[in-house]
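Descriptive structure summary
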Amino acid sequence: MIVARSRGWLGALPLLVFAGLVFGFPAIAILGGTFTVQGSPSLRNLTQSLSGGNLTSLAGSVQVSAVVAGAGAVLGTFLAYAVVTSRFRALREAVLTASGVLANFGGVPLAFFWVATLGNSGVISGLLGLPSGALYTFWGLVVVYLYFSIPLMVLVMAPALDGLRPQWREAAAGGGATAWQYWRYVGLPVLTPALLGGVVLLFGGAFAAYATAAAMGAGTVVPLVTLKIASALTGDVQIGFENVALALSLDMVVIAGLVMAVYLPLQKRSTRWLR
Amino acid sequence: MAALASVTGVPEAAEPPPPPPRAGRPRVWRGIVLVLAAAYFLVPLVTSFWFTVYNDMTGFSLSTYTDLLVAEGFGRSLGLSLGLAAATIVLVLALTLPAMLAVRLSAPRLRPVMEVVCTLPLVVPPITFVTGIGKSLQVGGEVLAPTPFWATLIAIQDPAFPIVLVLAYVMLALPFVYRSLDAGLATMDVRTLVEAARNLGASWPQVIFRVVVPNLRSALASASFLTLALVLGEFTVARLLGYQPFSVWIVTISGSQAQLSVAASVLSLLLTWLLLLVVSTASGRKRS
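If you're wondering where the values come from, they're calculated on a predicted model, not measured in any experiment. (Residues numbered from 1 in each chain as written. Chains lettered and ligands numbered in written order. Predicted model: local features only at pLDDT ≥ 70, side-chain atom pairs only at ≥ 80, totals over all residues.)

Observations regarding the overall build of chain B
For chain B, the helix and strand inventory stands at 14 helices and two strands. A buried classification covers 36% of the 288 residues belonging to chain B. Taking the contacts inside chain B whose residues are at least 6 apart along the sequence as the reference set, 78% of them involve residues at least 24 apart. (Helix = DSSP H or I, 4+ residues; strand = E, 2+ residues; numbered from the N terminus. Buried ≥ 20, exposed ≤ 12 C-beta atoms within 10 Å, placed from the backbone. Contact = placed C-beta atoms within 7 Å.)

Regarding the overall build of chain A
Looking only at helices and strands, chain A features 13 helices and two strands. Dimensions of chain A, computed from C-alpha atoms along their principal axes, come out at roughly 75 × 70 × 30 Å. The contacts of chain A with a sequence gap of at least 6 include a subset with a gap of at least 24, amounting to 76%.

Concerning the interface of chain A and chain B
Many analyses report the size of an interface as the accessible area lost when the parts associate. Facing 62 residues of chain A, the contacting portion of chain B comprises 63 residues. Sorting elements by how many residues they give to the side of chain A that touches chain B places helix α2 (residues 13-34) of chain A first, with 13 residues. Of the residues belonging to the side of chain A that touches chain B, the class tally is 44 nonpolar, 14 polar and four charged. (Nonpolar A, V, L, I, M, F, W, Y, C, P; charged D, E, K, R; others polar.)

Details of the confidence of the model for chain A
Low pLDDT means the predicted coordinates in that region are not meant to be read closely. Averaged over all residues, the pLDDT of chain A equals 82, while 90% of them reach at least 70. When mean pLDDT is taken per element in chain A, helix α4 (residues 52-84) of chain A scores highest with 91 and helix α1 (residues 2-6) of chain A scores lowest with 48. (pLDDT = per-residue confidence, 0-100.)

Some remarks on the packing of helix α12 (residues 225-233) of chain A against helix α6 (residues 126-144) of chain B
Running from N to C, α12 of chain A and α6 of chain B point in directions that differ by 20°, and their axes come no closer than 10 Å. Taken together, the axes of α12 of chain A and α6 of chain B are roughly parallel relative to one another. Of the two possible hands of crossing, α12 of chain A and α6 of chain B adopt the one that is left-handed. For the pair α12 of chain A and α6 of chain B, the contacting residues are Thr-226, Ile-229, Ala-230 and Leu-233 of chain A in the first and Ile-127, Thr-131 and Gly-134 of chain B in the second. Broken down by class, the residue content of the contact of α12 of chain A with α6 of chain B amounts to four nonpolar, three polar and no charged. (Axes fitted to C-alpha atoms, helices over the stretch in contact; angles between N-to-C directions. Parallel < 35°, antiparallel > 145°, perpendicular 65-115°, else oblique. Left-handed = near helix turned anticlockwise from the far one by under 90°.)

Remarks on the nonpolar core
Grouped together as the largest cluster of nonpolar side chains are 151 residues, with contacts concentrated most on Tyr-145, Met-157, Leu-202 and Ala-206 of chain A together with Tyr-169 of chain B. Not counting the four nearest positions on each side in its chain, Tyr-169 of chain B is found in contact with Leu-84, Thr-88, Val-231 and Glu-234 of chain B. (Core = buried A, V, L, I, M, F, W, Y, C linked by C-beta atoms within 7 Å.)

Here we look at the environment of Thr-192 of chain B
Residue placement: Thr-192 of chain B occurs in helix α9 (residues 190-199). Distance in space between the C-alpha atoms of Thr-192 of chain B and Leu-105 of chain B is 9.8 Å, their sequence separation being 87 residues.

Points about the environment of Met-171 of chain B
Along the chain, Met-171 of chain B turns up in helix α8 (residues 163-186). Separated by 50 residues in the primary sequence, Met-171 of chain B and Pro-121 of chain B place their C-alpha atoms 6.5 Å from one another. Leaving out residues up to four positions away in the same chain, Met-171 of chain B has contacts with Ala-19, Val-22 and Phe-23 of chain A together with Pro-121 of chain B.

So, the packing of α8 of chain B against helix α11 (residues 217-233) of chain B
All names here are of chain B. Direction vectors running N to C along α8 and α11 enclose 155°, while the axes themselves pass 9 Å from each other. Here α8 lies roughly antiparallel to α11, going by the angle between them. Helix-helix and strand crossings are classified by hand; for α8 and α11 the assignment is right-handed. Two secondary-structure elements touch here, α8 through Tyr-169, Leu-172, Ala-173, Phe-176, Val-177, Ser-180, Leu-181, Ala-183 and Gly-184 and α11 through Ser-218, Ala-219, Ser-222, Ala-223, Leu-226, Thr-227, Leu-230 and Val-231. Per-class residue counts for the contact of α8 with α11 are twelve nonpolar, five polar and no charged.

Shown next, in the form of C-alpha cells:
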C-alpha cells in the first residue's frame, strides 16, 4: 500500500496534462497574439482594445451584465422567498426543479423563444402594440437574459433562505425587534454572502453570453464585446483586427476573473452557515 | 454547526408556542410574486409553441414539426451533436474519475490544484477560450507544416467529426462533472472499499469497474446527462470554429424559415428538460 500511495498521484496525471495542454496552448496563443504586432512586441493591440468602438462594446457588456445581475438578484430573491415560505411542498419542488432547468437554458433556443414572443412579428408584441425592434434594445436584451438569471438566483438563494432559522426570528421578536430590524440586523447579514455570490454568478453568466445575442442579432443596437470578438474572428472586419480580438478576449478574462475573485472566498463563508 | 444546532435546540422545549403566523399580508404579496413569475416564465413557452403551430394563412397545423424532421441538415447536425456528446462523456469521465480517486486516496495535496483546474472553465468565458483555440490551431498549422504532426492537426479538425470540439467540450464540462462526482464520492467510504478490494487481490481495473463505478452509478449518470445537455446546447465554440452541430444549424435556417427554427428550439428545450429532470429525480431519490 505504501508503494501504491507514493505513486498514487499518477491517476491525476492524465487530467492535469490534458487541462494543461487544452488550456495552456490557447492561453499562450492569446498572450502571444495580444502583445505582438507583425511579429514584434507591442502594446498597440491592448490600447486599441481599450479605445473607440471596442471600449464601447466592453462598457456595453458590463452595463447589460450589471443591470441583469442587480435586477436578477432582487427578483430572484423575492421569488425564492415566496417559494421557500410557502406551505405547499409541491409548489416549492416544482419551482426549484423548473429553476434548475431554466438556469441551464440559455443560448440559441432562448433567443428564438423571445423572438417568437416579443420579436417584430412576435405573438405578444402585436397584442401589446410594441414598437418594431423593441426586443433588440438594451432593455429587451435585459428581459431576455433575466430568463436564465432569475432561476439561477432562485437556486442560489433557496438554500440560504432555508438556513434562516425560525428561532432567530422568534428570538428577535421576543427581544422586541420590528420586522425591519430583524431583516437589517439578522436576516441580511446572514444572507449577504449568498446574495453577493449570486450577483457575481449572474454577472458572469450575462457577461460571457454570446449565443443568445448572436441568434437574436441584437448587436446592431446593443454593443457587446462577445459580438465584437466574434465578428472579428469570422472575418467581417479588416485584416489585422484579429489580434485586437485576442486583446479583447484578454480584457474579458481580466474582468471575469476580477469578479470571480470576489465570489470564491464569499462562497466559502456562506457555506459555513448553510449546513 | 452541531454546536449551534444544540444551542438553538435546548430552549425550544421551554419556549411558549410561537404566535400564529400573520396569515393575510404575506399571502397577498406571495401570490403577486408567483403570478408575475409564472406569467414571465410561461408566456414565452406557450407563445413559441403557438408560433410554430399557427399562422394566419394556413391556420392550425403541426406540419412544422414534420417538416423539421425531413429538413435539409437536421439529421446530420443532430447526429453530429449526439456523436460529439458521446465522445465528450467518455473522455471526460475517463479523465476525471481516476484523478478524483487519486486525490481522495493518495494525493490529498493535489486537491486545491484539482479545484482550480475544475473551476477555471467557469471563469474563462467560452468565447475567450475559442479565440485562443482558433489562434493556436492557426499558429500550430504554420509551425507544424513541415513535420508529421501536421497531419494529426488536420485530422482533429475534420468537419465530419471535429475532435477539437470534443477537447474543448471536455474542458467546458469539467466543472459540472467534478461537482457531481465529488458529491457522489462523498456519500461512500472510498478508502475502505478500495483497500478491502485491494487486500482481497483485486487489480486496479477491477477495483474501478466492479467496486467504485457501481457505487457511483447515479453520480456518473447525472454527470453524463449534464454533459449531454451542455454539448447539445453549445453554440459559441462550434460556431466560431466553423462547424455545424445542431445549435449552429438552428441559427443557419432561422434566416429563411423562422417557424422551423422556433420549432427546433421547442424540440431542443423539451430534450433538455427531459435530461435535466432525469438528473434531478435521480439525485432527489438519492437524498431521500
